[in-house]
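# Secondary and tertiary structure notes
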Amino acid sequence: AQSVTQLDSQVPVFEEAPVELRCNYSSSVSVYLFWYVQYPNQGLQLLLKYLSGSTLVKGINGFEAEFNKSQTSFHLRKPSVHISDTAEYFCAVSDRNAGGTSYGKLTFGQGTILTVHP
Amino acid sequence: ETGVTQTPRHLVMGMTNKKSLKCEQHLGHNAMYWYKQSAKKPLELMFVYNFKEQTENNSVPSRFSPECPNSSHLFLHLHTLQPEDSALYLCASSRQREDADTQYFGPGTRLTVL
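Keep in mind the model is a prediction, meaning the values are calculated, not measured. The numbering scheme is per chain: residues are counted from 1 as the chain's sequence reads. Going through the entries in the order they are written, you letter the chains from A and number the ligands from 1. Given that the model is predicted, a residue must reach a pLDDT of at least 70 before its local features are reported, and side-chain atom pairs must reach 80 or more before they are shown or counted; all residues, however, enter totals for whole chains, interfaces and linings. Think of the side-chain values as coming from all heavy atoms in the structure, minus any hydrogens and water.

The next thing to look at is the packing of aromatic side chains. Any two of the Phe, Tyr and Trp rings considered here, Trp counted by its six-membered ring, make a pair once their centres fall within 6.5 Å; the pair's planes then place it as stacked at under 30 degrees, edge-to-face at over 60, or tilted in between. For the coordinates displayed, the defined rule picks out eleven aromatic pairs over all chains. The interplanar angle of 80 degrees and the centroid separation of 5.7 Å between the aromatic rings of Tyr36(A) and Phe105(B) together place this pair among those described as edge-to-face. You can see Tyr36(A) sitting in strand 5 (residues 31-38) and its partner Phe105(B) sitting in strand 10 (residues 104-105), one on each of two chains. The class of Tyr36(A) is buried, set by a relative accessible area of 0%. Ring geometry for Phe108(A) against Phe105(B): centres 6.5 Å apart, planes inclined by 80 degrees, an arrangement best described as edge-to-face. Of this pair, Phe108(A) sits in strand 11 (residues 107-108) while Phe105(B) sits in strand 10, on two different chains. Each residue is assigned to one of three classes by its accessible area relative to the maximum for its type, calculated with a 1.4 Å probe on protein chains only: buried under 20%, partly exposed between the two thresholds, exposed over 50%. The class for Phe108(A) is buried, based on a relative accessible area of 3%. You can call Phe105(B) buried: its relative accessible area is 5%. Within the aromatic cluster, the residues linked to one another by ring pairs are Tyr36(A), Phe90(A), Phe108(A), Tyr33(B), Tyr35(B) and Phe105(B). Only DSSP runs of H or I reaching four residues or more are called helices, and only runs of E reaching two or more are called strands; each is numbered from the N terminus.

Structure (structure tokens):
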């Protein structure tokens, strides 16, 4: 069984400061990793994903994440945040069969609310 | 983002009512999903449909009944709900197989059960 732990439920930061949102996972098989963002009163939107290859993944809106297999982590970072980044961020994992087919079954963490203050 | 729409956006119902939630995707996808988002809990996958066939029922109580008449529409029929079923219900869609994890979400229906 897979599980995802987002270590911080809330992260307050000031505008233009750097931010890191932490995510750890556990799984008995190879996983694929995702970060989704949910702005107020909206559905979730994909920020970035790690499937294979380079462990540093760049996403939309200046976000990036680094896959660390030994630490089973996939932390999300942004060097300088904006007020518009205020939202809830979800880390998710999925597994696939040997042929690479996804089942579409994402396991989500509990979310981290990022609040950017002026 | 108008790729996935959900109606109604808000719904208040009594425990004896019957209501339905509707989801429509305009992205040409062939997989659709229902999720439940409760306060303080992770997003929970409820149902998965691939090419109109249900491929996943994540131990959801029978008071929730999904229907997928075609690849663009998904319904969630509700009856005899409990107050603990109050939550945000999110619909999502994706392409199947190798890109099924890239899911596009609707804005959700905020359900309150009295």
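With that settled, the discussion passes to the interface of chain B and chain A. When checking whether two residues touch, look at their non-hydrogen atoms; a contact exists if any pair is within 4.5 Å. Of the residues lining the interface, 22 residues belong to chain B; the matching set on chain A comes to 21 residues. Together, the buried faces of chain B and chain A total about 1,700 Å²; carbon and sulfur atoms form 48% of this surface. Criterion for a salt bridge: a side-chain nitrogen of Lys or Arg within 4 Å of a carboxyl oxygen of Asp or Glu. Across the contact surface, chain B and chain A share one salt bridge. The salt bridge involving Lys105(A) is made with Glu56(B); its shortest N-O contact spans 3.3 Å. Two N or O atoms form a polar contact when they lie within 3.5 Å of each other; inside protein one atom must be a possible hydrogen donor and the other a possible acceptor, and for residues adjacent in sequence the pair counts only when both atoms belong to side chains. For the pair chain B and chain A, the number of links is five residue pairs in polar contact (both at pLDDT 80 or more). Only strand 4 (31-37) and strand 9 (87-94) of chain B provide two or more residues apiece to the side of chain B that touches chain A. Three residue categories are used. Nonpolar comprises Ala, Val, Leu, Ile, Met, Phe, Trp, Tyr, Cys and Pro, charged comprises Asp, Glu, Lys and Arg, and polar comprises the others, including Gly. Of the residues in the side of chain B that touches chain A, the class split is ten nonpolar, four polar and eight charged. Throughout, buried area stands for the accessible area (probe radius 1.4 Å) lost by two parts on being put together, summed over both.

Turning next to the confidence of the model for chain A. In regions of low pLDDT, the predicted coordinates are not meant to be interpreted in detail. When the pLDDT values of chain A are averaged, the result is 90; 92% of them are 70 or greater. Summarising per-element confidence for chain A, the mean pLDDT is lowest in strand 11 of chain A (90) and highest in strand 3 (residues 19-21) of chain A (98). What pLDDT reports is the predictor's confidence in each residue, on a scale of 0 through 100.

Moving on, we come to the pattern of salt bridges. All names here are of chain A. Per the counting criterion, the structure on display carries eight salt bridges over all chains. With its nearest N and O atoms 2.8 Å apart, the salt bridge here joins Lys 78 to Asp 85. Pair check on accessibility: Lys 78 and Asp 85 agree, each one buried. Taken together, the shared-partner salt bridges in this structure form one network comprising Glu 20, Glu 66 and Arg 77.

As a further point, take the pairing of strand 9 (residues 73-78) of chain A. All names here are of chain A. In terms of residue burial, strand 9 counts as a mostly covered element, since five of its six residues are buried. Being paired, for any two strands, means DSSP has found at least two bridges between them. Taken together, the five bridges between strand 8 (residues 64-68) and strand 9 define a ladder with antiparallel strand orientation. Counted as the bridge partner of Phe 67 is Phe 74 from strand 9. Where strand 8 folds back on strand 9, the antiparallel hairpin that results is connected by four residues, among which Thr 72 adopts a positive phi of roughly 45 degrees.

Our next topic: the layout of surface pockets. The pocket and cavity definitions rest on a 1 Å grid over protein atoms only: a 1.4 Å probe that fits but cannot leave marks a cavity, an open set with protein on both sides within 12 Å along at least five of seven lines marks a pocket, and residues lining either have an atom within 4 Å of a point. Grid points are joined across faces, edges and corners, and a volume is the space filled by probe spheres set on the points. Within this model, the largest pocket holds a volume of roughly 750 Å³. Taken together, 30 residues make up the lining of the largest pocket; nearest its centre are Gln38(A), Glu88(A), Phe90(A), Ile113(A) and Gln37(B). Put simply, the parts of the chain that give the lining of the largest pocket at least two residues each are strand 10 (87-95) and strand 12 (112-117) of chain A together with strand 9 of chain B.

A few words on the environment of Ser3(A). Checked against the element boundaries, Ser3(A) lands in strand 1 (residues 3-6). When sequence neighbours within four positions are dropped, the list of residues in contact with Ser3(A) reads Asn24(A), Tyr25(A), Ser26(A) and Thr107(A).

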